[in-house]
Amino acid sequence: MIFEPQFESMPRPRMRELQEQRLHDIVRYVYERVPFYREQFDAAGIRPDSVCSLDDLPRLPITRKTDLRDHYPFGLFAVPTSDVSRIHASSGTTGKPTVVGYTRKDLDLFARVVARCLAMAGAEPGMILHNSYGYGLFTGGLGLHAGGELLGMAVVPVSGGMTERQITLLTDFRPEVIASTPSYALTLAQEFHQRGILPEEISLRFAVLGAEPWTDSMRRQVDTSLGVQATNIYGLSEVIGPGVSNECVEARNGSHVNEDHFLPEVVDPATGETLPEGKEGVLVFTTLTKQALPLIRYWTGDIASLHSEPCRCGRTLARMSLIKGRTDDMLIVRGVNVYPSQVESVLGRMPELTPHYRIIVSREATLDSVEVQVEVTDDFFRIVGSEVLSDDIVETHQLLRQLRDRIAYLIKDSMGVSMQVTLVAPGTVPRSEGGKLQRVVDRRALR
Ligand SMILES: [Zn+2]
């Protein structure tokens with residue numbers, strides 16, 4: 001089903017008109033209410049009333065995460081805190097967290113766009129949603145929750161962690177839909193497998209997965225091991241949270257952007273120049289209708305491309321590709337650009353491996369070295385018959401040595417960078433249970 005067909009299937013010329021009207025209004029709104037934007041526009045010589053077309057977008061300044069941090073906590077809000085109904089914040093691994101606010105109307109919008117996304121993923125009114133996203137300051141849990149309720153689902157607010165209890169509730173409540181991170185969906189699949197429960201015995205039909213980058217090989221594993229059709233949900237709290245876009249279950253070929261509210265652009269990561277449709281670059285969003293924290297041309301750091309050809313689901317909303325990587329995550333190793341997703345796609349080709357891996361970068365004297373730690377599957381672990389995959393065992397065990405050498409060869413072959421490969425026992429790489437997962441540990445910065 002399509003939750004709001006009047007917008008999601010709107011003819012594209014009409015969508016453009018709506019976006020241009022809303023862009024004009026929001027530019028004026030931020031100019032009048034947010035000193036940061038007034039200064040930016042004045043400095044660039046932009047009169048708010050002169051912005052009437054999408055062609056005017058490249059003239060507008062880019063907003064970055066650092067701008068939010070510099071105005072911590074509420075400096076970019078366009079309303080007084082007395083008009084704010086909810087505040088979320090990022091975990092803030094470095095320095096201050098990023099703070100976002102919602103008015104009552106923003107929360108209604110948040111629920112509507114998530115309801116659209118759930119419907120895109122295959123969910124329907126009357127189904128049960130098992131929501132394993134973390135509740136709390138992270139926008140995932142409460143975001144999916146409100147969207148599910150608005151769609152007419154029964155939402156089970158399990159939150160992240162306590163896998164034992166999740167398995168019990170999944171078995172007893174028999175939900176049709178699960179929302180979680182892709183890595184946690186695989187953790188649950190592994191638990192079912194260990195209990196001898198077959199995918200066709202699991203009630204789930206649709207999985208709405210997001211909050212961390214994933215690949216098509218991970219999707220195949222989730223599909224087969226849980227017996228579902230998995231789709232990608234995309235969002236970031238600065239723009240609204242989850243609900244910016246979702247793949248439709250009919251095509252599963254790019255995520256439909258709710259572009260009547262979040263205007264997408266793709267720009268060159270180095271120059272900031274706007275790129276044409278189909279070209280890969282950094283996603284930039286302008287919020288067209290948010291009240292508390294409207295953002296003009298917000299730099300997401302996520303690398304993707306946009307496409308607007310017709311989709312078989314009947315929606316006309318443009319689609320964005322799976323995220324190829326993040327400009328933040330992009331590693332420069334011995335002068336070569338490396339995205340973790342490239343490593344992941346090599347690992348995804350090996351049936352002996354799980355999708356759980358970490359990349360550790362360090363520097364000896366002046367030379368960068370990269371180690372890839374990846375878990376082998378339970379089945380493979382039993383075959384090699386070891387308690388621990390210590391270096392000694394890997395050296396002497398022919399199967400392990402061959403596997404390790406093959407991974408190292410394929411990585412070097414596809415990326416042009418040598419990496420040391422370490423095979424580790426199942427369950428030893430840190431998991432994401434509700435929030436974001438850190439795939440890359442860059443120890444160079446600590447020296
Ligand atoms: Zn579609």
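Residues numbered from 1 in each chain as written. Predicted model: local features only at pLDDT ≥ 70, side-chain atom pairs only at ≥ 80, totals over all residues. Heavy atoms only, no water.

Here we take up the packing of helix α5 (residues 104–120) against helix α6 (residues 139–151). Think of two packed helices as two axes; the pair is described by the angle between the axes and how far apart they sit. Where α5 meets α6, the axes come as close as 7 Å, and the angle between the chain directions of the two elements is 75°. With respect to their mutual orientation, α5 and α6 come out roughly perpendicular. Residue-level contacts link Phe110, Ala111, Arg112, Val114, Ala115, Leu118 and Ala119 of α5 to Thr139, Gly143, Leu144, Ala146, Gly147, Gly148, Leu150 and Leu151 of α6. (Axes fitted to C-alpha atoms, helices over the stretch in contact; angles between N-to-C directions. Helix = DSSP H or I, 4+ residues; strand = E, 2+ residues; numbered from the N terminus. Parallel < 35°, antiparallel > 145°, perpendicular 65-115°, else oblique. Contact = heavy atoms within 4.5 Å.)

In this section: the sheet that holds strand β10 (residues 262–267). Judged by pairing direction, the sheet is antiparallel, and its four strands sit side by side in the order β10-β11-β12-β15 without closing on themselves. Two strands in the sheet have a free side with no partner beyond their single neighbour: β10 and β15 (325–326). Here β10 runs beside strand β11 (residues 281–287); their pairing, made up of six bridges, is antiparallel. Note that in β11 the partner of Val266 across the bridge is Leu283. (Pairing = 2+ DSSP bridges.)

A few words on the coordination of the zinc ion. Every protein donor of the zinc ion is listed here as Cys248 (SG), His256 (NE2), Cys311 (SG) and Cys313 (SG), and their distances to the metal cover 2.1 to 2.3 Å. The site at the zinc ion holds four donor atoms, and with the angles between them running 101 to 113°, its shape is tetrahedral. Between consecutive donor residues of the zinc ion, the sequence gaps follow C-x7-H-x54-C-x1-C. Linking His256 in strand β9 (residues 255–257) with Cys311 in the loop between β13 (306–307) and β14 (319–320), this pair joins segments that are 55 residues apart in sequence. Taken individually, His256 and Cys311 each receive the classification buried, so the pair is uniform in this respect. (Donors = N, O, S within 2.8 Å, 3.2 Å for Na, K, Ca; no water. Tetrahedral: all angles 85-135°; square planar, octahedral: opposite > 155°, others 65-115°. Buried < 20%, exposed > 50% of the residue type's maximum accessible area, 1.4 Å probe, protein only.)

In this approach, a probe sized like a water molecule rolls over the atoms, and the result shows the empty space that is left. Using the criterion set out here, one finds one cavity of 30 Å³ or more in the structure. Of the volumes computed, that of the largest cavity is approximately 70 Å³. As for the largest cavity, its lining consists of Thr215, Ser217, Met218, Gln221, Glu344, Leu347, Gly348, Met350, Leu353, Thr354, Pro355 and Tyr357. Top element by residues in the lining of the largest cavity is strand β18 (residues 353–364). It accounts for four residues. Tallied by class, residues from the lining of the largest cavity come to six nonpolar, five polar and one charged. (1 Å grid on protein atoms, 1.4 Å probe; cavity = no way out; pocket = protein on both sides within 12 Å on 5 of 7 lines; lining within 4 Å. Points joined across faces, edges and corners; volume = space filled by probe spheres on them. Nonpolar A, V, L, I, M, F, W, Y, C, P; charged D, E, K, R; others polar.)

With that settled, the discussion passes to the pairing of strand β5 (residues 177–180). Across the two faces of β5 the burial is the same, with Val177 and Ala179 and Ile178 and Ser180 all buried. As paired strands, strand β3 (residues 128–131) and β5 are joined by three bridges and run parallel to one another. The partner of Asn131 across the bridge, within β5, is Ala179. As judged from the four bridges shared by β5 and strand β6 (residues 206–209), these two strands associate in the parallel manner. Each residue of the ladder has a partner; that of Val177, found in β6, is Phe206. Between the parallel pair β5 and β6, the chain is carried across by helix α8 (residues 182–194), and the sense of this crossover is right-handed. (Right-handed = clockwise from strand over helix to strand, strands pointing away.)

Below, the discussion takes up the pattern of salt bridges. For the structure shown, the criterion picks out 23 salt bridges. A salt bridge links Arg16 to Glu20, with the shortest nitrogen-to-oxygen separation between them at 3.2 Å. Here Glu20 and Arg16 lie together in helix α2 (residues 12–33), a separation of four residues that amounts to about one turn. As a salt-bridge pair, Glu164 and Arg195 come within 2.8 Å of each other at their nearest N and O atoms. Separated by 31 residues along the polypeptide, Glu164 in helix α7 (residues 163–173) and Arg195 in the loop between α8 and β6 bring together distant segments of the chain. (Salt bridge = Lys/Arg side-chain N within 4 Å of Asp/Glu carboxyl O.)

Time to look at the domain arrangement of the chain. Each assigned domain of the chain is listed here: domain 1 (1–327) and domain 2 (331–446). The C-alpha centroid of domain 2 is placed 30 Å from the C-alpha centroid of domain 1. Listed as interface residues are 26 residues of domain 1 and, on the opposing side, 16 residues of domain 2. Of the roughly 1,800 Å² buried between domain 1 and domain 2, counting both surfaces, carbon and sulfur atoms make up 50%. Our count for the domain 1 to domain 2 interface comes out at zero salt bridges. At the surface where domain 1 touches domain 2, the tally comes to three residue pairs in polar contact (both at pLDDT 80 or more). Elements represented by at least two residues in the side of domain 1 that touches domain 2 include exactly α8, α9 (216–226) and β15. The element contributing the most residues to the side of domain 1 that touches domain 2 is α8, with six residues. Per-class residue counts for the side of domain 1 that touches domain 2 are nine nonpolar, 14 polar and three charged. (Domains from an automatic or database assignment. Buried area = accessible area lost by both parts, 1.4 Å probe. Polar contact = N/O pair within 3.5 Å; in protein donor to acceptor, adjacent residues only side chain to side chain.)

The next subject is the packing of aromatic side chains. The description of an aromatic ring pair uses the distance of the two centres, along with the angle that the planes make with each other. If you walk through the whole model with that rule in mind, you get seven aromatic pairs. Judged by centre distance (6.2 Å) and plane angle (25°), the rings of Tyr31 and Phe41 are stacked. Of this pair, Tyr31 sits in helix α2 while Phe41 is found in helix α3 (residues 35–44), placing the two residues ten residues apart along the sequence. Tyr31 sits in the buried class, given a relative accessible area of 16%. The buried category is assigned to Phe41, whose relative accessible area is 0%. Grouping aromatic residues by their ring pairs yields a cluster made of Tyr31, Phe36, Tyr37 and Phe41. (Phe/Tyr/Trp six-rings, centres within 6.5 Å; stacked < 30°, edge-to-face > 60°.)

Let's shift gears to α5. Given 3.6 residues per helical turn, the α-helix brings residues three or four places apart onto the same face. Across its 17 residues, α5 extends 25 Å between first and last C-alpha, which sits within 8% of the 24 Å expected from 1.5 Å per residue. Within α5, 13 of the 17 residues are buried, which leaves it mostly tucked inside the rest of the structure. (Expected span 1.5 Å × (residues − 1).)

Judged by nonpolar contacts, the single largest core of 70 residues is most densely connected at Phe41, Leu118, Leu283 and Phe285. Ranked by size, the runner-up nonpolar core spans 30 residues in total, among them Val361, Val372, Val384 and Val421. (Core = buried A, V, L, I, M, F, W, Y, C linked by side-chain atoms within 4.5 Å.)

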